[in-house]
Amino acid sequence: GLENLVSVKLGESTLLRVEFELVVANIYGEVLLALLPEMIRLVAVGGLLCVSGISELTALQVGAAYTDSRAFCVENRACSGEWEMLTFRRISVDRD
């Protein structure tokens, strides 16, 4: 058991009004790029975002977009065969 520690929900992320310490996404890189604003909103400052199931080229694109947003930094990158996984840490953004 993890049933008392982990909750899985299916639905629209726009309906969520809380931040999470950990978000895991195994979806296409193009979708991850489109969801960047939502990920910034959903991952708590100091929290982790793990994305997987993306190619090396897509991982480079996603990594660049997420770090360029100044809301995430890369904590770890791993690969298994042709698939990549990136782990980001949510950092605060200065609002000059």
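Residues numbered from 1 in each chain as written. Predicted model: local features only at pLDDT ≥ 70, side-chain atom pairs only at ≥ 80, totals over all residues. Heavy atoms only, no water.

Participant: Please explain the packing of aromatic side chains as it appears in this structure.
Facilitator: Geometrically, a pair of aromatic rings is defined through the distance of the ring centres and the angle of the planes. Under the criterion given, the structure shown has three aromatic pairs. With 5.4 Å between their ring centres and 45 degrees between their planes, Tyr66 and Phe72 make a pair best called tilted. The exposure classification of Tyr66 matches that of Phe72, with both residues buried. Both rings, one in Phe72 and one in Phe88, keep their centres 5.9 Å apart while their planes meet at 65 degrees; by these two values the pair is edge-to-face. Of this pair, Phe72 sits in strand S3 (residues 72–80) while Phe88 sits in strand S4 (residues 83–90), and the two are 16 residues apart along the sequence. Using a relative accessible area of 0% as the deciding quantity, one classes Phe88 as buried. Through successive ring pairs, a cluster of aromatic residues spans Tyr66, Phe72 and Phe88. (Phe/Tyr/Trp six-rings, centres within 6.5 Å; stacked < 30°, edge-to-face > 60°. Buried < 20%, exposed > 50% of the residue type's maximum accessible area, 1.4 Å probe, protein only. Helix = DSSP H or I, 4+ residues; strand = E, 2+ residues; numbered from the N terminus.)

Participant: What am I meant to see in the pairing of S4 here?
Facilitator: Direction of pairing for strand S2 (residues 43–54) relative to S4: antiparallel, over a ladder of six bridges. Note that in S4 the partner of Val51 across the bridge is Leu86. Pairing analysis gives eight bridges linking S3 to S4, with the strands arranged antiparallel. Each bridged residue has a counterpart across the sheet, and for Ser80 the counterpart in S4 is Trp83. (Pairing = 2+ DSSP bridges.)

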